[in-house]
Every structure is written in C-alpha cells, then in structure tokens.
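So the chains spell out like this:
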Amino acid sequence: MEKVLELISKEVGDAFEAAGYDRELGRATISNRPDLCEYQCNGAMAGAKKYGKAPFIIADEVAAKLQDNPAFEKVESVKPGFLNIVLSGDFVRSYIVKMLHEKRFGISLPGHEPTVILDYGGANVAKPLHVGHLRPAIIGEAVKRILKYTGNKVIGDIHMGDWGLQMGLVITELKRRKPELPYFDPDFTGAYPKEPPFTIQELAEIYPVASAKSKEDEAYKNEAMEATKRVQDGDRAYRAIWHHIMNVSLPDLKKNYDSLDVHFDLWKGESDVHNVIPGMVEYFKQHNYAHVSQGALVVDVADEKDAKEMPPCIILKSDGAALYATTDLATIQERMREYHPDAIYYFTDKRQALHFEQVFRTAKKTKLVMPETDLRFVGNGTMNGADGKPFKTREGGVMHLESLVQEINDKMYERVKQSNPDMPDDEARSTANKVALSALKYGDLSNQPAKDYVFDIDKFISFEGDTGPYILYTMVRIKSILKKYETEGGNVKEAKLGNPENEAMKNLMLLLTRFADAIEGAAKDLAPNRVCGYIYDLSNAFNSFYHGTKILTEADADKKESYIALLAITLKILETSIDLLGFSAPERM
Ligand code: ARG
C-alpha cells in the first residue's frame, strides 16, 4: 500500500509538472511545524535556482493548482517559498479504512521472503543468567518479531556458550566434593548414571564457588582448564558430566526466557560446531587464507581504509586451541550450509564490536558467506544502576535475571492490588506480571540499542510518562470503553469511522496512518525504539482525544459509532505494536 507521504508527493508532483516544473520537486515531508501544518514541501526552494525564479512565485503557482484537490483541506504557499499542507479529513478517513483491508495494515511485503538468522540471548550454560543477558534477549526478540511481521523468514538461535571453561570449573569443583563418583574413577568401564550428580540449585551454587577458587588458586585453575580440554577432546567420563550439566541447565534457562516471553527456534550452542572446526581450519590453510604468525594461525583482515588498527583474526592459538572467533566462524559455515540465510544479525554487548568485525571480515574473505550476505552486529549499551555504573544488587553483586524479574513483578503486584483492591489474587498476579514485563521491556527498548541507560524501576513501573505501563493503561482504558459500549447493546464496527470532528481526532487519525512507516523503519534499522516512539505518540494522541471528547455519552449516533470505531482501530494498532515489542496488555489494571 502506498504511504501517505508517497500519495501526497504524487499529487504535489503532478501540480509542479502542471505548472511547468520538474515533478521530483513535489516530494513532501512530515511538517516540522505541526502548529502550522501537517505536511510540507520545500520543492519550490530547491527549484528556484534551476528555474531562475523567486521560490515564492513557484510555490504560489503550485499551490494554485492544488486548491480543488480533494486530498487536501489546505495548501498554502508561505514566504520565502514553502508549501504548507493540511490533509482533508476524508482523505485521512478513507486511508485508514483502506489500511484495515490490507494485509498487516499496509506494510510493504517483499516479493520473496528473505531468510534471516538472529543470534541473540547468548546465555552461558552452568552460569546463572544475569542482567547482562537481558538486553540481547529483549532487543533480539523484538527485532525477530518485527522482521517476521515485515515479511522475513526469521530463525532465532540462542547460540549458547556451552563449551567453555565454566564446564571445566564445574567438573573440578564436583570432583572436590564428590570424588567417589564413577566419573572420577579411571578404571570405571560401566555405564554412567542417568541421574545427574547435582540439582539446578547445586549447580547454580557450584559455578561461582569454582570460579572464585580458580582466581586464587593457580593449580585449581589449571585443573579446570585440563578438565575443559578433556570435555572437548571427547573424554567419555567428562562428556557424561557435560551432558548432565546441559540437561540440568537447559530447562532452567528455558524457564527464565519464557518468563520474559523470549523464545528461540534453535537451541544451538558453541559445542554444535566443535566437530566442523578442523575441516574449516584445513580449508583456510589450503586456500592460503590463514597463515602462521607468532605460532598462532591467523587471518589478516586489516584494510588500508581502516582508521583504527584492525588486528588479525586468530583462528588457532599457538597451543592449537580454538577461540571464540573460531566457533563463530564455524557457526557461520554451518548456518550457510543448513539454512542459506540472506542475513545473520547478532545481538550482544557492544563491547564485542571488534570481535564481530573481525569475524565478519574473515567470513567474507574466506568466502564462508556470499559477498552479498548481510552480516550485522547490533551491539547493546549497558544497563546501569542509579549510580551510572553497571546494574548491581543492593549488596553490590551481579544481579541474577531471575531476581530482577521477581523484584519488578512483586513491586507491580503491590501497585495493582492498591488500585484494584477487589481483584482476585491470581488475576492480580498475572496482571502484575504482564504489566511488569511491559515496564522492563519498554524501559529497555525505548532506548536506542547502542545507548547505555539507567534502570530506574520506579520510573519504569509508573503509569504515567514514556513507559510500558502507560501504554498498557491507555489500552486498558480503550478496552473498558468498548466493553461498556457492548454491554449497553452497541456493536463495534470499524468501518463506521467518520471524518475527524476536531483537531485531537485528526491528530490521532494521522498517527494511525503512519503505522507502516514506523514498523518498516524499525525493521530497516533494526531499531525497536522506533516502535516505542510511535506508540508513545499514538497513546498521547489517543489520551488527548479521550480527554476532550464525550464518547459513550455522545447523543449523535453516527458520531458515537465513529468514535467507537476509532477506539477499536487504535487498540488494534497498539496491540499489534506491543506484540512486536514482546509484551501484551491485561484486561484491566
Ligand atoms: N555467550 C556470549 C557471552 O555471554 C554471547 C554470545 C553471542 N553470540 C555469538 N555468536 N558470539 O558473551
């Protein structure tokens, strides 16, 4: 469906042409003076030089051609040569009605469905999920939904860290605690127990202890490194423990991500490419992509245009060990082989930018991907505490994701109970969880991904201001009016939308026409913050309309039906938008 701006530009372009000028000059933009007009065109200014005429003369001529155009209520030429445009109410109404008949409210869908792999989450098995994993999960999930909605085939992969030192640390500590286990008996040849040697609670406790010990005790650390290597080399006993760690960890990780309404299509990890690394390394060597430098195998990725130094990508350390980049490259190779993606996008902390730049350049240089494969890194900024430093627990420790979610859920429960004393307890709980999730996600997503932000729980849970709960509150308000209308015997019909009756209504309707622009912009830039900005404006516009208009008490039946239609459409657009951001609204709050 053509966008409003395209339609305006076409009409104004026609007028430029009819007046004897280049039609390209008719390009319109959203007004930067909303107090004066809704849209504007500065083409007369741009054309003045070419045609050797004062801009206001051109603008006057063009405006004259547009006077009877039904799309416009007003086209005004103002000095020194701007065209100020106000759309006709009928144009806006019929545009919205058309949107409702289009697939996905008029989003432009591509002719073929590009395949996009999204690598987000990045949880490390055996280590508890902490707030550092929150942003990649929230942003990645939102982008996944936005890309899917705009016509991509998306595959979300958690890409777990399941092959690193933490595994060796857990094994080392387990050996200290339970040396009698058969995994530690070199003469044991029987089948290892099916029961894991620890519960999730024990596992969660073991890792931090082991990690702390390894920092103080060199021998302990060496043992953990040795154990890690044994896992990777396929040692039967240690692989058996590795499987136990995975089996105990994964359901817990899944539970945590579920509580955030974050879902992955693939639960793959670093371990999945372990076996393909030797072949890839061989391929790099055979084609002379890689060479030995100071004992290590590296691929040069520096470019003469680089402003900053670009170190080579290390594929194998001098002891032959594979690194983080090696795993990422092997994963790219596997993804290309299995899914033939057109694009792979990565979501993780922005401090990993250099790593991904090296990996992307290596992947292109070694032809693991096509020249046109779109590899992009969306680095997120840090979530800070009120002190401007990375968010910590009150005691100063690393905040576990589970505790953070619990805290915000509990706070919201208090609020919901306070404003709805008669709400049954289970409804209050589920309502609180929904609103809390909106607070958490919107608080994050309303910032540009790369920006750091302050996690201010009291601000995020507020029902006023630029917050998730404010958006939900607006939606709940609409739902309750529609419900009342229906209990009074009314029938909600969106097609009954009429022309705007007043400025607030016009404003709200104009914003509705911009839904597809907002979502397509967010998809193009991988920027869910654009969706937040849009629904915040939309909610504000709705609330101004609501505060200035009698709706259910309106005596004129046509007007009332039109208002109700407008409410229903606004709710639909808000519902679609928050679903793209990864949260939902309760019935009341
Ligand atoms: N596990 C990593 C971490 O916690 C994040 C993984 C990001 N994805 C990737 N393909 N490297 O830092």
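The coordinates are above.
Residues numbered from 1 in each chain as written. Predicted model: local features only at pLDDT ≥ 70, side-chain atom pairs only at ≥ 80, totals over all residues. Heavy atoms only, no water.

**Q** It is not clear to me how the site of the ligand should be interpreted in this structure. Could you clarify?
**A** Looking at the ligand, the residues that line it are Asp119, Gly122, Asn124, His133, His159, Tyr324, Asp328, Tyr346, Gln352 and Phe356. In the model, a nitrogen atom of the ligand is placed 2.9 Å from a nitrogen or oxygen of the Asn124 side chain. Coverage of the ligand by the protein amounts to 87% of the 350 Å² it exposes when considered alone. Class assignment of the residues belonging to the shell around the ligand gives a composition of three nonpolar, five polar and two charged. (Near = heavy atom within 4 Å. Polar contact = N/O pair within 3.5 Å; in protein donor to acceptor, adjacent residues only side chain to side chain. Areas by Shrake-Rupley, 256 points an atom, 1.4 Å probe, with all protein chains shown as cover. Nonpolar A, V, L, I, M, F, W, Y, C, P; charged D, E, K, R; others polar.)

**Q** Any chance you could explain the nonpolar core here in plain terms?
**A** Generally speaking, a soluble globular protein has its nonpolar side chains buried in company with each other. Counting residues in each nonpolar core, the largest one holds 161 residues, and the members touching the most others are Val12 and Phe455. Look past the residues within four positions of Phe455 in its chain and what remains in contact with it is Met383, Asn384, Phe391, Leu404, Ile408, Leu440 and Phe460. One finds Met310, Leu316, Ala325 and Met336 within the second-largest nonpolar core, a separate group that totals 31 residues. (Core = buried A, V, L, I, M, F, W, Y, C linked by side-chain atoms within 4.5 Å. Buried < 20%, exposed > 50% of the residue type's maximum accessible area, 1.4 Å probe, protein only. Contact = heavy atoms within 4.5 Å.)

**Q** What is the right way to look at the layout of surface pockets in this model?
**A** Empty space left among the atoms is revealed by rolling a probe the size of a water molecule over them. If you add up the space inside the second largest pocket, you get close to 430 Å³. Lining the second largest pocket are 17 residues, and of these Pro34, Cys37, Glu38, Asn507 and Leu510 sit closest to its centre. Put simply, the parts of the chain that give the lining of the second largest pocket at least two residues each are helix H17 (503-512) and helix H19 (529-548). Ranked by the residues each element gives to the lining of the second largest pocket, the list is headed by H17, at five residues. (1 Å grid on protein atoms, 1.4 Å probe; cavity = no way out; pocket = protein on both sides within 12 Å on 5 of 7 lines; lining within 4 Å. Points joined across faces, edges and corners; volume = space filled by probe spheres on them. Helix = DSSP H or I, 4+ residues; strand = E, 2+ residues; numbered from the N terminus.)

**Q** Would you take a moment to explain unusual backbone geometry for this structure?
**A** Most peptide bonds take the trans form, and the phi angle of most residues other than glycine is negative. Note that the residue after Lys79, namely Pro80, is joined by a cis bond; omega there is 5 degrees. Here Pro80 is to be found in the loop between strand S3 (72-78) and strand S4 (82-87). The residue Arg104 is not glycine, and still its phi comes out positive at about 50 degrees. Along the polypeptide, Arg104 turns up in the loop between helix H4 (89-101) and strand S5 (115-119). Residue classification places Arg104 among the partly exposed positions, given a relative accessible area of 30%.

**Q** I tried to follow the packing of helix H8 (residues 218-232) against helix H9 (residues 236-259) on my own but got confused; where do I start?
**A** The relative placement of two packed helices comes down to the angle between their axes together with the axis-to-axis distance. Running from amino to carboxyl end, H8 crosses H9 at an angle of 90 degrees, the nearest separation of the two axes being 8 Å. Judged by the angle between their axes, H8 and H9 are roughly perpendicular. Between H8 and H9, the contacting residues are Ala227, Arg230, Val231 and Gln232 on the first element and Tyr238, Arg239 and Trp242 on the second. A per-class count over the contact of H8 with H9 returns four nonpolar, one polar and two charged. (Axes fitted to C-alpha atoms, helices over the stretch in contact; angles between N-to-C directions. Parallel < 35°, antiparallel > 145°, perpendicular 65-115°, else oblique.)

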